[in-house]
Amino acid sequence: AAVPLPPANVIKKGYRYWIGSSYVDGTCEGYFPTPNDLYLRGNNPAGFKCTNAAAYVTFFLDHIEMRDTSNIKSIDAVNKFNLTGHANLKIEGEFCNGATSGRILTIYRGSGTGWNSFAQYTFAGSSCTGRITITIPLPANMGDQLIGLSLGSSITGNIYRVWLE
């Protein structure tokens, strides 16, 4: 009995598979996370959710949007990742600041019993970055951890990807 071919829209664009006696060329143009991705354009393996100022953070199909508020915006993972063997946490996005205060991104780690900050990134004064990748060095041998992002009150913009390197 002949096996039906899968539709081309479920195979990644640019890939060709020989199935049975025919080729299927992929047409899907979605984003496919790797095992190191915590968040990739709507795919959310870390289970990030907003835990503070939720009215100012929106999870869209392909990015996380942060809007201006007088509150710190917290985005925390609910799924742990093994951070051992990874040198950096990377965050790709576009960020703007509307003030000279509240410009700090603080990175937290947690294992279910509380959160501890381990790094900070300070954005320049009132400006927009365009699309950038922020690199945060990871301490050695952190093991299984949750990751949390705390964005200062004046930070707005979009996050497209968060991953381990």
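Going by the structure above, here's the rest.
What you see is a predicted model; the values in this text were computed from it and never measured. (Residues numbered from 1 in each chain as written. Predicted model: local features only at pLDDT ≥ 70, side-chain atom pairs only at ≥ 80, totals over all residues. Heavy atoms only, no water.)

Participant: Is there a simple way to explain the state of the cysteines in this structure?
Facilitator: Simply put, disulfide is the name for a covalent bond between the sulfur atoms of two cysteines. Overall, the coordinates contain one disulfide when judged by the stated rule. With its sulfur 2.0 Å from that of its partner, Cys 96 forms a disulfide with Cys 128. What sets the handedness of the Cys 96 and Cys 128 disulfide is the S-S torsion sign, and at about 115° it is right-handed. Placement of Cys 96 in strand β9 (residues 88-97) and of Cys 128 in strand β12 (residues 128-137) is noted, with a sequence separation of 32 residues between them. For Cys 96, a relative accessible area of 23% translates into the label partly exposed. Exposure remark for Cys 128: the relative accessible area of 55% places this residue in the exposed category. Of the cysteine sulfurs around Cys 50, a residue in no disulfide, the closest is that of Cys 96, at 19 Å. The class for Cys 50 is buried, based on a relative accessible area of 19%. (Disulfide = S-S within 2.5 Å. Helix = DSSP H or I, 4+ residues; strand = E, 2+ residues; numbered from the N terminus. Buried < 20%, exposed > 50% of the residue type's maximum accessible area, 1.4 Å probe, protein only.)

Participant: In this structure, what is going on with the packing of aromatic side chains? I would like to understand it.
Facilitator: Aromatic ring pairs are described here by two measures, namely the spacing of the ring centres and the angle between the planes. Inspection of every chain in the model, using the stated rule, returns two aromatic pairs. Ring geometry for Phe 95 and Phe 123: centres 5.2 Å apart, planes at 40°, overall tilted. In this pair, Phe 95 is assigned in strand β9 and Phe 123 in the loop between β11 (115-122) and β12, connecting sequence segments 28 residues apart. An identical accessibility class is assigned to Phe 95 and Phe 123; each is buried. (Phe/Tyr/Trp six-rings, centres within 6.5 Å; stacked < 30°, edge-to-face > 60°.)

Participant: Before we go on, may I ask you to explain the pattern of salt bridges in this structure?
Facilitator: For the coordinates displayed, the defined rule picks out five salt bridges. With its nearest N and O atoms 2.6 Å apart, the salt bridge here joins Arg 161 to Asp 37. Note that Arg 161 is positioned in strand β14 (residues 155-164) and Asp 37 in strand β3 (residues 37-40), a separation of 124 residues in sequence. Judged by its relative accessible area of 21%, Arg 161 is partly exposed. Between Arg 131 and Glu 92 there is a salt bridge; the shortest N-O distance is 3.3 Å. Residue Arg 131 is located in strand β12, and its partner Glu 92 is located in strand β9; the two are separated by 39 residues in the primary sequence. (Salt bridge = Lys/Arg side-chain N within 4 Å of Asp/Glu carboxyl O.)

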